[in-house]
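One letter stands for each residue in the lines below.
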Amino acid sequence: MERIRSPKFSKPVYTCGEGLRFATPEIVASYRAGRLRCGVLADISCGIGGQTICFAEECGRVYGVDIDGERLECARRNARVYGVDNITFIEGDALSPQVVEQVVDADIIFSDPARPATEDVRQTDSLRPGIPMVLEAYRDVTDSFAFEAPPQMPPERIDFDCEREYLSLDGQLNRLTLYFGPLKRCERSAVVLKGDMYYRLKSGEAAPAGIPEADEPLPYAFEPDPAVMKAELLGELAAGLNIPMGLVKIDARRNLLTSESNSDSPLFKNRYRLLDRVNIDCKLINRSLKKNGVGKAVIRFHVDPERYWDVRNRIEEGLTGNLTAHLFEISGNIYLFERY
Ligand SMILES: C[S@@+](CC[C@H](N)C(=O)[O-])C[C@H]1O[C@@H](n2cnc3c(N)ncnc32)[C@H](O)[C@@H]1O
(Lines give C-alpha, C1' and ligand atoms only; values in the text may rest on other atoms or scores of the structure.)
Protein backbone atom coordinates (compact mmCIF):
# COMPACT_ATOMS: atom_id res chain seq x y z
CA MET A 1 0.00 0.00 0.00
CA GLU A 2 1.23 3.51 -0.82
CA ARG A 3 -0.10 7.02 -0.63
CA ILE A 4 0.21 9.01 -3.82
CA ARG A 5 -0.90 12.19 -5.50
CA SER A 6 -2.99 11.71 -8.65
CA PRO A 7 -4.78 14.13 -10.99
CA LYS A 8 -7.92 12.07 -10.28
CA PHE A 9 -8.12 13.28 -6.68
CA SER A 10 -7.77 16.61 -4.88
CA LYS A 11 -5.85 14.93 -2.01
CA PRO A 12 -3.13 12.23 -2.01
CA VAL A 13 -4.85 8.83 -1.69
CA TYR A 14 -3.92 5.37 -0.46
CA THR A 15 -3.83 2.71 -3.15
CA CYS A 16 -2.58 -0.80 -3.87
CA GLY A 17 -2.26 -2.88 -7.02
CA GLU A 18 -4.46 -1.42 -9.72
CA GLY A 19 -6.81 0.27 -7.24
CA LEU A 20 -6.01 3.83 -8.36
CA ARG A 21 -6.23 2.97 -12.05
CA PHE A 22 -9.79 1.72 -11.65
CA ALA A 23 -10.90 4.40 -9.18
CA THR A 24 -13.57 6.88 -10.27
CA PRO A 25 -12.15 10.41 -10.65
CA GLU A 26 -13.39 12.69 -7.87
CA ILE A 27 -15.19 15.09 -10.24
CA VAL A 28 -17.19 12.22 -11.79
CA ALA A 29 -17.83 10.57 -8.41
CA SER A 30 -19.06 13.85 -7.02
CA TYR A 31 -21.51 14.39 -9.91
CA ARG A 32 -22.83 10.83 -9.54
CA ALA A 33 -23.16 11.13 -5.76
CA GLY A 34 -25.28 14.25 -6.26
CA ARG A 35 -27.61 12.32 -8.52
CA LEU A 36 -27.85 9.37 -6.10
CA ARG A 37 -28.23 11.39 -2.88
CA CYS A 38 -30.33 9.36 -0.41
CA GLY A 39 -30.54 8.21 3.22
CA VAL A 40 -28.60 4.92 3.04
CA LEU A 41 -26.54 3.82 0.03
CA ALA A 42 -24.52 0.60 -0.37
CA ASP A 43 -21.50 0.73 -2.73
CA ILE A 44 -20.96 -3.02 -3.05
CA SER A 45 -17.67 -3.01 -5.00
CA CYS A 46 -16.03 0.05 -3.52
CA GLY A 47 -12.35 -0.52 -4.41
CA ILE A 48 -10.11 2.14 -2.83
CA GLY A 49 -13.20 4.26 -2.18
CA GLY A 50 -13.05 6.96 -4.89
CA GLN A 51 -16.81 6.84 -5.41
CA THR A 52 -17.78 5.76 -1.87
CA ILE A 53 -16.27 8.87 -0.26
CA CYS A 54 -18.33 11.17 -2.49
CA PHE A 55 -21.45 9.14 -1.62
CA ALA A 56 -20.61 9.66 2.05
CA GLU A 57 -20.45 13.42 1.48
CA GLU A 58 -24.00 13.40 0.04
CA CYS A 59 -25.85 10.57 1.82
CA GLY A 60 -26.87 9.98 5.43
CA ARG A 61 -25.01 6.67 5.73
CA VAL A 62 -22.99 4.53 3.32
CA TYR A 63 -21.82 0.92 3.18
CA GLY A 64 -18.53 0.23 1.41
CA VAL A 65 -18.15 -3.44 0.45
CA ASP A 66 -15.19 -5.08 -1.31
CA ILE A 67 -13.97 -8.64 -1.67
CA ASP A 68 -10.34 -7.46 -1.58
CA GLY A 69 -9.25 -6.71 2.01
CA GLU A 70 -6.24 -4.58 1.05
CA ARG A 71 -8.30 -2.33 -1.22
CA LEU A 72 -10.90 -2.01 1.50
CA GLU A 73 -8.17 -0.90 3.92
CA CYS A 74 -7.14 1.78 1.37
CA ALA A 75 -10.79 2.91 1.20
CA ARG A 76 -10.96 3.10 5.00
CA ARG A 77 -7.82 5.27 5.13
CA ASN A 78 -8.99 7.43 2.22
CA ALA A 79 -12.24 8.10 4.08
CA ARG A 80 -10.12 9.50 6.93
CA VAL A 81 -8.08 11.58 4.45
CA TYR A 82 -11.33 13.13 3.19
CA GLY A 83 -12.75 13.53 6.70
CA VAL A 84 -15.90 11.38 6.25
CA ASP A 85 -16.98 9.12 9.12
CA ASN A 86 -20.38 7.78 8.00
CA ILE A 87 -19.14 4.72 6.05
CA THR A 88 -19.46 1.15 7.37
CA PHE A 89 -16.82 -1.00 5.64
CA ILE A 90 -17.57 -4.69 4.99
CA GLU A 91 -15.06 -7.15 3.58
CA GLY A 92 -16.68 -9.96 1.60
CA ASP A 93 -18.32 -11.18 -1.58
CA ALA A 94 -21.16 -8.77 -2.39
CA LEU A 95 -23.19 -11.69 -3.75
CA SER A 96 -23.00 -13.70 -0.52
CA PRO A 97 -26.02 -13.79 1.83
CA GLN A 98 -23.70 -12.75 4.70
CA VAL A 99 -23.01 -9.42 2.99
CA VAL A 100 -26.56 -8.90 1.69
CA GLU A 101 -28.02 -9.29 5.18
CA GLN A 102 -25.71 -6.57 6.54
CA VAL A 103 -27.03 -3.93 4.11
CA VAL A 104 -30.78 -4.66 4.18
CA ASP A 105 -31.61 -1.05 5.06
CA ALA A 106 -30.00 0.36 1.88
CA ASP A 107 -32.19 2.65 -0.22
CA ILE A 108 -29.87 2.36 -3.23
CA ILE A 109 -27.43 -0.36 -4.30
CA PHE A 110 -24.54 0.96 -6.40
CA SER A 111 -21.85 -1.14 -8.06
CA ASP A 112 -18.82 -0.23 -10.18
CA PRO A 113 -17.78 -3.81 -10.94
CA ALA A 114 -14.36 -5.13 -11.92
CA ARG A 115 -13.94 -5.88 -15.63
CA PRO A 116 -12.20 -8.94 -17.03
CA ALA A 117 -8.76 -7.90 -18.35
CA THR A 118 -9.42 -9.39 -21.78
CA GLU A 119 -12.78 -9.80 -23.44
CA ASP A 120 -13.69 -9.43 -27.12
CA VAL A 121 -17.14 -7.99 -26.49
CA ARG A 122 -18.05 -6.65 -23.06
CA GLN A 123 -20.91 -8.54 -21.31
CA THR A 124 -22.96 -7.46 -18.30
CA ASP A 125 -22.67 -10.89 -16.66
CA SER A 126 -18.87 -11.16 -16.95
CA LEU A 127 -18.40 -8.09 -14.79
CA ARG A 128 -17.50 -8.89 -11.18
CA PRO A 129 -19.92 -8.87 -9.52
CA GLY A 130 -22.16 -9.42 -12.58
CA ILE A 131 -25.12 -7.07 -12.99
CA PRO A 132 -27.84 -9.76 -13.30
CA MET A 133 -26.43 -11.51 -10.22
CA VAL A 134 -26.54 -8.29 -8.15
CA LEU A 135 -30.12 -7.57 -9.23
CA GLU A 136 -31.08 -11.06 -8.09
CA ALA A 137 -29.12 -11.04 -4.81
CA TYR A 138 -30.53 -7.67 -3.67
CA ARG A 139 -34.07 -7.85 -5.09
CA ASP A 140 -35.61 -7.98 -1.59
CA VAL A 141 -33.54 -5.00 -0.41
CA THR A 142 -34.53 -2.32 -2.95
CA ASP A 143 -35.46 -1.76 -6.57
CA SER A 144 -33.20 1.31 -6.86
CA PHE A 145 -29.95 0.15 -8.47
CA ALA A 146 -27.18 2.00 -10.29
CA PHE A 147 -24.26 0.33 -12.06
CA GLU A 148 -21.21 1.54 -13.83
CA ALA A 149 -20.67 -0.32 -17.12
CA PRO A 150 -17.93 -0.05 -19.77
CA PRO A 151 -18.96 2.89 -22.02
CA GLN A 152 -17.89 1.00 -25.14
CA MET A 153 -20.24 -1.90 -24.35
CA PRO A 154 -22.59 -2.31 -27.36
CA PRO A 155 -26.08 -1.03 -26.37
CA GLU A 156 -27.74 -4.30 -27.43
CA ARG A 157 -25.70 -6.09 -24.74
CA ILE A 158 -27.39 -3.97 -22.08
CA ASP A 159 -30.60 -5.93 -22.10
CA PHE A 160 -32.30 -4.24 -19.13
CA ASP A 161 -35.06 -1.72 -18.56
CA CYS A 162 -32.77 1.09 -17.38
CA GLU A 163 -31.50 4.56 -18.21
CA ARG A 164 -28.13 4.63 -19.97
CA GLU A 165 -26.23 7.76 -18.97
CA TYR A 166 -23.08 8.49 -20.99
CA LEU A 167 -20.75 10.97 -19.32
CA SER A 168 -17.81 12.83 -20.83
CA LEU A 169 -14.96 14.54 -19.03
CA ASP A 170 -12.81 17.13 -20.83
CA GLY A 171 -14.34 16.11 -24.16
CA GLN A 172 -13.54 12.39 -23.77
CA LEU A 173 -16.12 9.68 -23.16
CA ASN A 174 -15.49 8.67 -19.55
CA ARG A 175 -18.35 6.72 -17.94
CA LEU A 176 -21.58 4.84 -18.62
CA THR A 177 -23.94 4.57 -15.66
CA LEU A 178 -27.11 2.47 -15.71
CA TYR A 179 -30.02 3.56 -13.50
CA PHE A 180 -32.78 1.12 -12.55
CA GLY A 181 -36.23 1.32 -10.98
CA PRO A 182 -37.19 4.74 -9.57
CA LEU A 183 -33.71 6.05 -10.47
CA LYS A 184 -34.48 5.74 -14.19
CA ARG A 185 -35.54 9.15 -15.60
CA CYS A 186 -35.45 8.45 -19.34
CA GLU A 187 -34.04 5.90 -21.80
CA ARG A 188 -30.79 7.68 -22.72
CA SER A 189 -28.97 10.69 -21.36
CA ALA A 190 -25.70 12.54 -21.88
CA VAL A 191 -23.79 14.42 -19.20
CA VAL A 192 -20.94 16.73 -20.15
CA LEU A 193 -18.61 17.65 -17.28
CA LYS A 194 -16.62 20.86 -17.79
CA GLY A 195 -14.72 22.29 -14.82
CA ASP A 196 -17.13 22.12 -11.90
CA MET A 197 -20.19 22.52 -14.15
CA TYR A 198 -22.24 19.79 -15.77
CA TYR A 199 -24.71 19.88 -18.65
CA ARG A 200 -27.32 17.20 -19.21
CA LEU A 201 -29.41 16.18 -22.20
CA LYS A 202 -32.19 13.57 -21.95
CA SER A 203 -34.15 11.53 -24.45
CA GLY A 204 -37.89 12.15 -24.48
CA GLU A 205 -37.66 15.72 -23.20
CA ALA A 206 -38.02 17.41 -26.59
CA ALA A 207 -38.85 15.94 -30.00
CA PRO A 208 -35.56 15.35 -31.83
CA ALA A 209 -35.04 17.78 -34.71
CA GLY A 210 -34.44 16.38 -38.19
CA ILE A 211 -31.03 17.58 -39.39
CA PRO A 212 -30.74 17.84 -43.18
CA GLU A 213 -27.47 16.72 -44.71
CA ALA A 214 -25.34 19.61 -45.96
CA ASP A 215 -23.00 19.17 -48.94
CA GLU A 216 -20.43 21.47 -47.45
CA PRO A 217 -19.83 23.35 -44.19
CA LEU A 218 -21.41 26.76 -43.59
CA PRO A 219 -19.41 29.52 -41.79
CA TYR A 220 -19.67 27.74 -38.41
CA ALA A 221 -19.15 24.06 -37.66
CA PHE A 222 -19.55 22.16 -34.40
CA GLU A 223 -18.26 18.80 -33.20
CA PRO A 224 -20.85 17.26 -30.86
CA ASP A 225 -19.60 15.96 -27.51
CA PRO A 226 -18.92 12.20 -27.58
CA ALA A 227 -21.42 11.59 -24.74
CA VAL A 228 -24.17 13.12 -26.92
CA MET A 229 -23.15 10.92 -29.85
CA LYS A 230 -22.96 7.74 -27.73
CA ALA A 231 -26.39 8.45 -26.24
CA GLU A 232 -27.74 8.99 -29.78
CA LEU A 233 -29.07 12.43 -28.85
CA LEU A 234 -27.91 14.48 -31.84
CA GLY A 235 -31.51 15.32 -32.87
CA GLU A 236 -32.34 16.37 -29.28
CA LEU A 237 -29.21 18.55 -29.20
CA ALA A 238 -30.19 20.22 -32.49
CA ALA A 239 -33.76 20.76 -31.24
CA GLY A 240 -32.48 22.80 -28.29
CA LEU A 241 -30.21 25.09 -30.31
CA ASN A 242 -32.88 27.31 -31.88
CA ILE A 243 -30.85 27.86 -35.04
CA PRO A 244 -31.05 25.81 -38.25
CA MET A 245 -28.32 23.19 -38.46
CA GLY A 246 -27.06 20.96 -41.26
CA LEU A 247 -25.11 17.74 -40.88
CA VAL A 248 -21.78 17.22 -42.62
CA LYS A 249 -20.48 13.66 -42.68
CA ILE A 250 -16.70 13.57 -42.32
CA ASP A 251 -16.38 9.78 -42.34
CA ALA A 252 -18.17 6.70 -40.98
CA ARG A 253 -17.58 7.76 -37.36
CA ARG A 254 -17.43 11.57 -37.41
CA ASN A 255 -20.07 14.23 -38.08
CA LEU A 256 -20.04 17.99 -37.85
CA LEU A 257 -23.10 20.15 -37.34
CA THR A 258 -22.93 23.31 -39.40
CA SER A 259 -24.77 26.62 -39.40
CA GLU A 260 -24.79 30.20 -40.72
CA SER A 261 -24.79 31.35 -37.06
CA ASN A 262 -22.65 30.82 -34.00
CA SER A 263 -23.80 28.67 -31.07
CA ASP A 264 -22.12 28.52 -27.67
CA SER A 265 -23.78 25.28 -26.54
CA PRO A 266 -21.61 23.45 -23.94
CA LEU A 267 -22.73 20.19 -25.56
CA PHE A 268 -20.18 20.75 -28.34
CA LYS A 269 -16.70 19.38 -27.89
CA ASN A 270 -15.22 21.78 -30.46
CA ARG A 271 -16.49 24.83 -32.31
CA TYR A 272 -14.95 25.99 -35.59
CA ARG A 273 -15.05 29.03 -37.84
CA LEU A 274 -14.52 28.35 -41.52
CA LEU A 275 -11.43 30.02 -43.00
CA ASP A 276 -11.25 28.63 -46.52
CA ARG A 277 -11.89 25.75 -48.89
CA VAL A 278 -9.25 24.48 -51.30
CA ASN A 279 -8.61 21.47 -53.53
CA ILE A 280 -6.59 18.59 -52.08
CA ASP A 281 -3.20 19.93 -53.08
CA CYS A 282 -0.42 20.62 -50.57
CA LYS A 283 0.72 23.77 -52.43
CA LEU A 284 -2.82 25.25 -52.46
CA ILE A 285 -3.38 24.35 -48.82
CA ASN A 286 -0.06 25.96 -47.86
CA ARG A 287 -0.90 29.13 -49.81
CA SER A 288 -4.29 29.41 -48.09
CA LEU A 289 -2.77 28.84 -44.64
CA LYS A 290 -0.28 31.68 -45.25
CA LYS A 291 -3.03 33.98 -46.54
CA ASN A 292 -5.05 33.28 -43.35
CA GLY A 293 -2.19 33.96 -40.93
CA VAL A 294 -1.81 30.34 -39.82
CA GLY A 295 1.34 29.12 -38.04
CA LYS A 296 0.33 25.50 -37.35
CA ALA A 297 -1.91 23.03 -39.14
CA VAL A 298 -3.70 20.09 -37.49
CA ILE A 299 -4.35 17.45 -40.11
CA ARG A 300 -7.71 15.84 -39.42
CA PHE A 301 -8.03 13.95 -42.69
CA HIS A 302 -6.61 10.58 -43.63
CA VAL A 303 -3.04 10.55 -44.89
CA ASP A 304 -1.15 7.37 -45.71
CA PRO A 305 1.16 6.95 -42.66
CA GLU A 306 4.19 6.49 -44.94
CA ARG A 307 3.56 9.89 -46.55
CA TYR A 308 2.45 11.69 -43.39
CA TRP A 309 5.62 13.71 -42.65
CA ASP A 310 6.17 14.59 -46.29
CA VAL A 311 2.56 15.90 -46.54
CA ARG A 312 2.78 17.72 -43.23
CA ASN A 313 6.09 19.40 -44.07
CA ARG A 314 4.77 20.59 -47.42
CA ILE A 315 1.55 21.90 -45.88
CA GLU A 316 3.37 23.72 -43.06
CA GLU A 317 6.35 24.99 -45.07
CA GLY A 318 7.22 28.60 -44.20
CA LEU A 319 4.17 29.23 -41.95
CA THR A 320 4.75 32.13 -39.55
CA GLY A 321 1.23 33.19 -38.45
CA ASN A 322 -0.32 32.96 -35.00
CA LEU A 323 -3.39 30.87 -35.80
CA THR A 324 -3.80 27.10 -35.63
CA ALA A 325 -5.92 25.68 -38.45
CA HIS A 326 -7.79 22.35 -38.39
CA LEU A 327 -7.94 20.69 -41.79
CA PHE A 328 -10.85 18.38 -42.67
CA GLU A 329 -11.50 16.60 -45.95
CA ILE A 330 -15.17 16.89 -46.94
CA SER A 331 -16.58 15.77 -50.29
CA GLY A 332 -13.17 15.78 -51.94
CA ASN A 333 -12.07 19.25 -50.76
CA ILE A 334 -9.98 20.44 -47.83
CA TYR A 335 -11.74 22.81 -45.43
CA LEU A 336 -9.62 25.01 -43.19
CA PHE A 337 -11.14 25.88 -39.83
CA GLU A 338 -10.05 27.94 -36.86
CA ARG A 339 -11.13 26.50 -33.50
CA TYR A 340 -12.60 29.03 -31.08
C1 LIG B 1 -13.59 -0.99 -10.62
S2 LIG B 1 -13.23 -1.38 -8.97
C3 LIG B 1 -14.16 -0.20 -8.08
C4 LIG B 1 -13.52 1.15 -8.05
C5 LIG B 1 -14.24 2.15 -7.15
N6 LIG B 1 -15.50 2.57 -7.71
C7 LIG B 1 -13.37 3.36 -6.88
O8 LIG B 1 -13.76 4.48 -7.25
O9 LIG B 1 -12.32 3.22 -6.26
C10 LIG B 1 -14.09 -2.88 -8.75
C11 LIG B 1 -13.95 -3.53 -7.39
O12 LIG B 1 -14.85 -4.63 -7.31
C13 LIG B 1 -14.32 -5.54 -6.38
N14 LIG B 1 -15.05 -6.82 -6.51
C15 LIG B 1 -14.98 -7.74 -7.51
N16 LIG B 1 -15.82 -8.75 -7.27
C17 LIG B 1 -16.45 -8.47 -6.09
C18 LIG B 1 -17.45 -9.13 -5.32
N19 LIG B 1 -17.96 -10.29 -5.72
N20 LIG B 1 -17.85 -8.55 -4.18
C21 LIG B 1 -17.34 -7.36 -3.77
N22 LIG B 1 -16.38 -6.69 -4.46
C23 LIG B 1 -15.96 -7.23 -5.60
C24 LIG B 1 -12.85 -5.57 -6.75
O25 LIG B 1 -12.06 -6.07 -5.67
C26 LIG B 1 -12.58 -4.10 -7.09
O27 LIG B 1 -12.01 -3.43 -5.98
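Residues numbered from 1 in each chain as written. Predicted model: local features only at pLDDT ≥ 70, side-chain atom pairs only at ≥ 80, totals over all residues. Heavy atoms only, no water.

Colleague: How should I be thinking about the site of the ligand in this particular structure?
Modeller: Around the ligand, the surrounding shell holds 23 residues, and the nearest of these are T24, D66, R71, A94 and D112. Contact between the ligand and I67: a nitrogen atom at 3.3 Å from a main-chain N or O atom of the residue. Within the backbone of R128, an N or O atom sits 3.5 Å from a nitrogen atom of the ligand. About the coverage of the ligand: the protein hides 93% of its 600 Å² of free accessible area. Tallied by class, residues from the shell around the ligand come to ten nonpolar, seven polar and six charged. (Near = heavy atom within 4 Å. Polar contact = N/O pair within 3.5 Å; in protein donor to acceptor, adjacent residues only side chain to side chain. Areas by Shrake-Rupley, 256 points an atom, 1.4 Å probe, with all protein chains shown as cover. Nonpolar A, V, L, I, M, F, W, Y, C, P; charged D, E, K, R; others polar.)

Colleague: Explanation requested: the side chain of R35 in the structure shown.
Modeller: Relative to the assigned elements, R35 resides in helix α2 (residues 26-35). Owing to a relative accessible area of 10%, R35 belongs among the buried residues under this scheme. Side-chain polar atoms of R35 contact the side chain of E163, separated by 2.7 Å. Contacts of R35, omitting those with residues within four sequence positions, involve E163, E165, Y179, L183, R185, S189 and R200. (Helix = DSSP H or I, 4+ residues; strand = E, 2+ residues; numbered from the N terminus. Buried < 20%, exposed > 50% of the residue type's maximum accessible area, 1.4 Å probe, protein only. Contact = heavy atoms within 4.5 Å.)

Colleague: Help me out: how do you make sense of the sheet that holds strand β16 (residues 294-299) in this one?
Modeller: What holds strands together in a sheet is hydrogen bonding between their backbones, with the strands either parallel or antiparallel. Strand order in the open sheet formed by seven strands is β13-β14-β12-β15-β18-β17-β16, with mixed pairing between adjacent strands. A single partner strand is all that each edge strand has here, and the edge strands are β13 (246-249) and β16. The sheet shows a mean angle of 40° between the axes of neighbouring strands, taken without regard to direction. Where strand β12 (residues 220-224) lies against strand β15 (residues 268-279), five bridges are found, and the strand directions are antiparallel. Across the sheet, residue P224 finds its bridge partner in β15, namely F268. Each of β15, β16, β17 (323-330) and β18 (333-339) touches helix α9 (residues 282-291); the most contacted strand, β15, lies at about 115° to it. Against the sheet, helix α10 (residues 308-316) touches β16 and β17, its axis set at about 150° to β16. (Pairing = 2+ DSSP bridges. Axes fitted to C-alpha atoms, helices over the stretch in contact; angles between N-to-C directions.)

Colleague: Whenever I open this one, unusual backbone geometry confuses me. Can you help?
Modeller: What you tend to see is this: most non-glycine residues have negative phi, and most peptide bonds are trans. With omega at -5°, the peptide bond leading from R128 into P129 counts as cis. Along the chain, the position of P129 falls in the loop between β6 (108-111) and α6 (131-137). For N242, which is not glycine, the phi dihedral falls at a positive 65°. With respect to the helices, strands and loops of the structure, N242 is situated in the loop between α8 (234-239) and β13. Since its relative accessible area comes to 71%, N242 is described here as exposed. One non-glycine residue with positive phi stands out, namely S331, at about 45°. Relative accessible area serves as the criterion here: at 62%, S331 is assigned to the exposed category.

Colleague: Would you take a moment to explain the packing of aromatic side chains for this structure?
Modeller: The geometry of an aromatic ring pair is captured by the separation of the ring centres together with the interplanar angle, meaning the angle of the planes. Applying the stated rule across the entire model yields eleven aromatic pairs. With centroids separated by 5.1 Å and ring planes inclined at 70°, the aromatic side chains of F55 and F110 adopt a geometry described as edge-to-face. Placement of F55 in helix α3 (residues 50-58) and of F110 in strand β6 is noted, with a sequence separation of 55 residues between them. Given a relative accessible area of 0%, F55 falls into the buried group. Looking at F110, the relative accessible area reads 0%, which means it is buried. Plain terms: the ring middles of F147 and F180 are 5.5 Å apart, the flat faces sit at 80° to each other, and that makes the pair edge-to-face. Of the two residues, F147 is situated in strand β7 (residues 145-149) and F180 in the loop between β9 (172-179) and β10 (188-194); the sequence distance between them amounts to 33 residues. Judged by relative accessible area, F147 falls into the buried class, the value being 0%. A relative accessible area of 6% places F180 in the buried class. (Phe/Tyr/Trp six-rings, centres within 6.5 Å; stacked < 30°, edge-to-face > 60°.)

Interpretation in functional terms is not warranted from these geometric data alone.
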